[in-house]
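Breakdown of the fold
So the chains spell out like this:
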Amino acid sequence: MMTISPALQAVIDALALGVIPQTETPSAPALGTQYIVNFAFSSWPEFRQQSLLQALAYVDELALQRYGLSCAQFNQALAIDLVKVIARHPGLAAFWTPFRVLLVLGYYGHPLAAQSIGMPGPSIERGGFTPDGEPA
Amino acid sequence: MIHTEFDVIVVGAGAAGAVFANRLVRAGLQVLLIEKGPHYRQHHSDFQESELAIPKLLWDNNGYRVTGSAFRGTPNLGKAVGGGTLAWTGIALRLFEHDFECANRWGEIRGANIDNWPLRYQDLAPFYTEAEQDMGVSGTATPWDVAGATLPPLPPLDYYRTSRVYQQGFSRLNMQCSAGRVATNSQQYQGRSACLHCGFCRSGCRIDAKYQADTVLISPVLTADNFSLLSETTVTRLLTSADGRRITAVEYVDNHSRQKSVASAKVVVVCNNPIETPRLLLASANAAHPAGIGNQYDLVGRNFFCHLGTIGLGQLGRDVRLAIGHNMGNIMSLDQCNNAGADGLFKGGYTLLSLNGAGAGVAALDPLVQVNGYDLKQAMAAYNESLMLLSFVEGLPVATNRITLVPAETDEFGVPRAKVHYDYHPNDLAALRAAQRKLKLVLKACGARQIRVSPEFEAHPMGTMRMGWDETRSVTNEQTRVHGVENLYIGGGSLFVTGSSVNPTLTIHALALRSCQHILQQHFTRQGDSDADNTAV
């Protein structure tokens, strides 16, 4: 059974912060939504787990080379910059696309984040909405 | 080890399997339906109005080995009793007449494996009508209908604020548009509620305003004496007679207890998704079928293809309540669905379908896929002031795009892992570029700014068990029976010869209805012969 080490968890946390940073609304790590990656990881076959761990280790090494710091030492500004680098890195596309899917779904599916952008939330018990978008 | 005999065993309780179960049970046959996923019996409490509730309804593609650049495991297949109809968005469009004869219209396309369907639109038309009645499709006459086509049973859903904006945009571009054909109730239908526009179709409809096959087709037969349903049960192998001409039994495993069982039937219908159906047939190789059942011409698993999805997002700067409403096709334009290649660019076509509802994930994942950090949060904050428009682009079947097995690797049930090889054909990418240009054009004509269009994602997997007259060029015949095996039928998108650009579920349903009719005719003919024999004795 493979596990995500604390050092590699810090990479996940940094990337989550870089994709969805703290503004007037919470960051992804503030809502704990990066743990959706851990949840998915636990259900994957070993070859998928292995490739995620390798990619995370590569990202941490890249961070060390570029900034002289490992991801565990990153602040928000560095995390945002790192995400810009990773998102354009052709060798990391197979890792980055599904990884970002999990982060973004986890964040905007969270009730607080969804509410912050005007998602309706549960409405069936109240009768839903009219076609014009007003509460029924 | 349990051994029971049925008239029919149906493997997979999704969009096709539910049709087989319903019609065959109602006709009095003894039916066993086996589904790998769970059975959500209480939709009101089992489903949640949350985007986080979507994944539990979806098939997990992470178990596949993948080669080629086009398959990214985009989750849009189902895993439950009801299958993909629990998480689908309800688009219920018929294929066009021209979709059934692409080889005649296009001729050979280098690198693609185009063929005609072994049936025409007219052969399927009565089953389309029956499928629309089953589902409760809402809609109106459209400019693209085949002459004389019956109208769906329900009037169209009212236009949303966003759709009224699209109407103006399409008009400015001299494009035709219409209310979508959607299997979501515009008014109460057969005891199911009208849509309440909550925005969460993809999370499973709590009030069954959307067609969900478990409610509409499985629930009515659930207590019938001649019906057995096994959910959370995985079929691992099909067994054949020594000469390979008949399926003699189905092996299956309880997902939790790991109890292995075997059941036999006069007829077996495999209705898994287009990856899992060939996987099961290939994994069932034996002395009579050394390359896999039905694979004597190395065609099982080949000609895999998908629609290429692409989504445009643009900001209007005023509240249009994008987050409210059924999720897809409140308004649509199908003007671009029939490009015969006269312009020299591509063959095939693409749809344009409006998106609505709680699709924050969709927006953030697709059109905003390259946007991160503060820019992402800013764009997402404008969600309700935005328009989101989707295009499904016709992908072409290619023989080398295929499902195979990785014999050295097995899953938890001992079934060899599947490998998906998928690369886009150049025609797919040319059609995609045209669709992306059109998305931008329409959004701009609607007055949207800051328009972003997503790269492609693969949607609606199809092919792998293609129908045809010629067993050297197809796996299944015009009745969806596997060539060379007398009692093995297939249901689902794996049967598709070509895929059009319209969503496939209505056609999957109609094909299953047509196969049911054939299976019943065969059954009662056999029974009549048997009765006659007994009388003679």
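For clarity, every value in this text was computed on a predicted model and none was experimentally measured.

Scoring rules and cut-offs
Residues numbered from 1 in each chain as written. Chains lettered and ligands numbered in written order. Predicted model: local features only at pLDDT ≥ 70, side-chain atom pairs only at ≥ 80, totals over all residues. Heavy atoms only, no water. pLDDT = per-residue confidence, 0-100. Contact = heavy atoms within 4.5 Å. Buried area = accessible area lost by both parts, 1.4 Å probe. Salt bridge = Lys/Arg side-chain N within 4 Å of Asp/Glu carboxyl O. Polar contact = N/O pair within 3.5 Å; in protein donor to acceptor, adjacent residues only side chain to side chain. Helix = DSSP H or I, 4+ residues; strand = E, 2+ residues; numbered from the N terminus. Nonpolar A, V, L, I, M, F, W, Y, C, P; charged D, E, K, R; others polar. Core = buried A, V, L, I, M, F, W, Y, C linked by side-chain atoms within 4.5 Å. Buried < 20%, exposed > 50% of the residue type's maximum accessible area, 1.4 Å probe, protein only. Pairing = 2+ DSSP bridges. Axes fitted to C-alpha atoms, helices over the stretch in contact; angles between N-to-C directions. Phe/Tyr/Trp six-rings, centres within 6.5 Å; stacked < 30°, edge-to-face > 60°. Lys NZ or Arg CZ within 6 Å of the ring centre and 35° of its normal. Expected span 1.5 Å × (residues − 1). 1 Å grid on protein atoms, 1.4 Å probe; cavity = no way out; pocket = protein on both sides within 12 Å on 5 of 7 lines; lining within 4 Å. Points joined across faces, edges and corners; volume = space filled by probe spheres on them. Parallel < 35°, antiparallel > 145°, perpendicular 65-115°, else oblique.

**Quick look at the confidence of the model for chain B**
In this model, chain B carries an average pLDDT of 96, and 98% of its residues clear a pLDDT of 70 or more. Both scores are given for the predicted complex: the pTM is 0.96, the ipTM 0.97.

**Some details on the interface of chain A and chain B**
Across the boundary between the two partners, chain A contributes 47 residues, which contact 45 residues of chain B. If you sort the residues of chain A by the area they bury against chain B, Arg-100, Ile-124 and Pro-131 of chain A come out on top, with a joint share of 19%. The interface formed by chain A and chain B holds five salt bridges in total. A salt bridge links Glu-134 of chain A to Arg-161 of chain B, with the nearest nitrogen and oxygen atoms 2.9 Å apart. At the boundary of chain A and chain B, one finds 24 residue pairs in polar contact (both at pLDDT 80 or more). Where the side of chain A that touches chain B is concerned, the elements lending two or more residues are helix H1 (6-19), helix H2 (35-43), helix H3 (46-67), helix H4 (76-88) and helix H5 (93-109) of chain A. Sorting elements by how many residues they give to the side of chain A that touches chain B places H5 of chain A first, with ten residues. Across the side of chain A that touches chain B, the residue classes tally to 24 nonpolar, 18 polar and five charged.

**Topic: the nonpolar core**
Among the nonpolar cores identified, the biggest contains 167 residues, and Phe-95 and Tyr-108 of chain A together with Leu-238 of chain B are the most heavily contacted of them. It is helix H11 (residues 505-536) of chain B that contributes the most residues to this core, nine residues altogether. In this view, Leu-238 of chain B contacts Ile-247, Ala-249, Val-250, Val-268, Val-270, Leu-280, Leu-281, Ser-284, Ile-293 and Leu-488 of chain B; residues no more than four positions away in its chain are not counted. In this structure, Leu-77, Leu-387, Leu-432 and Val-453 of chain B belong to the second largest nonpolar core, which totals 38 residues.

**Comments concerning the sheet that holds strand S14 (residues 416-421) of chain B**
All names here are of chain B. Taking strand neighbours across the sheet as the criterion, the three strands line up as S3-S14-S13 in an open arrangement whose pairing is mixed. Only two strands of the sheet have a single neighbouring strand rather than two, namely strand S3 (65-67) and strand S13 (402-410). In this sheet, adjacent strand axes meet at a mean angle of 30 degrees when their direction is disregarded. By the bridge criterion, six bridges tie S13 to S14 in an arrangement that is antiparallel. If you follow Arg-402 over to S14, its bridge partner there is His-421. In the packing of helix H7 (residues 276-283) onto the sheet, the strands contacted are S13 and S14, and the crossing angle to S13 comes to about 55 degrees.

**Quick look at the packing of aromatic side chains**
Counted under the stated rule, the structure contains 17 aromatic pairs over all chains. Considering the side-chain rings of Phe-304 of chain B and Tyr-422 of chain B, the 5.2 Å spacing of their centres and the 80 degrees angle between planes classify their relative orientation as edge-to-face. On the criterion of sequence distance, the pair formed by Phe-304 of chain B in the loop between H7 and strand S9 (305-315) and Tyr-422 of chain B in the loop between S14 and helix H10 (426-445) is long-range, its members being 118 residues apart. In terms of burial, Phe-304 of chain B and Tyr-422 of chain B fall into one category: buried. Among the aromatic residues, ring-to-ring pairing joins Phe-100, Trp-117, Tyr-121, Tyr-128 and Phe-496 of chain B into one connected group. Just above the ring of Trp-44 of chain A sits the side chain of Arg-48 of chain A; from NZ or CZ to the centre is 4.3 Å. The positively charged end of Arg-65 of chain B is found above the aromatic ring belonging to Phe-47 of chain A, 3.9 Å away from the centroid.

**Remarks on H3 of chain A**
All names here are of chain A. With 22 residues, H3 should reach 32 Å at 1.5 Å per residue; the first-to-last C-alpha distance of 31 Å fits that figure. Among the residues of H3, those classed as buried are Phe-47, Arg-48, Gln-49, Leu-52, Leu-53, Ala-55, Leu-56, Val-59, Asp-60, Leu-62, Ala-63 and Tyr-67. Of the residues flanking the end of H3, it is Gly-68, one or two places downstream, whose phi is positive at about 70 degrees.

**Some words on the environment of Ile-403 of chain B**
Residue and element names in this part refer to chain B. As for its position among the elements, Ile-403 is in strand S13. Residues Ile-403 and Cys-195 lie 208 residues apart in sequence; the distance between their C-alpha atoms is 38 Å. Filtering out sequence-adjacent residues up to four positions away, Ile-403 remains in contact with Pro-274, Ile-275, Pro-278, Leu-282, Val-300, Gly-301, Phe-304, Ala-418, Lys-419, Val-420 and Thr-464.

**Details of the pattern of salt bridges**
Across all of its chains, the model carries 24 salt bridges over all chains by this definition. For Arg-72 of chain B, the salt bridge goes to Glu-456 of chain B, with nearest N and O atoms at 3.1 Å. Pair noted here: Arg-72 of chain B is in the loop between S3 and helix H3 (102-106) and Glu-456 of chain B is in the loop between strand S15 (449-453) and strand S16 (457-462), with a separation of 384 residues, a long-range link. A relative accessible area of 40% means that Arg-72 of chain B is categorised as partly exposed. Between Asp-145 of chain B and Arg-181 of chain B there is a salt bridge; the shortest N-O distance is 3.0 Å. With Asp-145 of chain B in the loop between helix H4 (121-135) and helix H5 (161-172) and Arg-181 of chain B in the loop between strand S4 (178-179) and helix H6 (213-218), the pair connects residues that are 36 residues apart, well separated along the chain. Residue classification places Arg-181 of chain B among the buried positions, given a relative accessible area of 5%. What you see here is one network of salt bridges that share partners, running through Asp-132 and Glu-134 of chain A together with Arg-161, Arg-164, Asp-319 and Arg-321 of chain B.

**Points about the layout of surface pockets**
The computed volume of the second largest pocket comes to approximately 190 Å³. Lining the second largest pocket are 14 residues, and of these Pro-111, Ala-114, Gly-121 and Pro-122 of chain A together with Glu-49 of chain B lie nearest its centre. For the lining of the second largest pocket, the elements supplying multiple residues, two or more each, are H5 and helix H6 (111-116) of chain A. A total of three residues in the lining of the second largest pocket trace back to one element, the largest contributor, which is H6 of chain A. Of the residues in the lining of the second largest pocket, the class split is eight nonpolar, four polar and two charged.

**Structural notes on the packing of H2 of chain A against H3 of chain A**
All names here are of chain A. Where H2 meets H3, the axes come as close as 8 Å, and the angle between the chain directions of the two elements is 140 degrees. If you check the angle between H2 and H3, you find them oblique. The residues of H3 that touch H2, namely those facing Val-37, Phe-41 and Ser-42, are Gln-49, Leu-52 and Leu-53.

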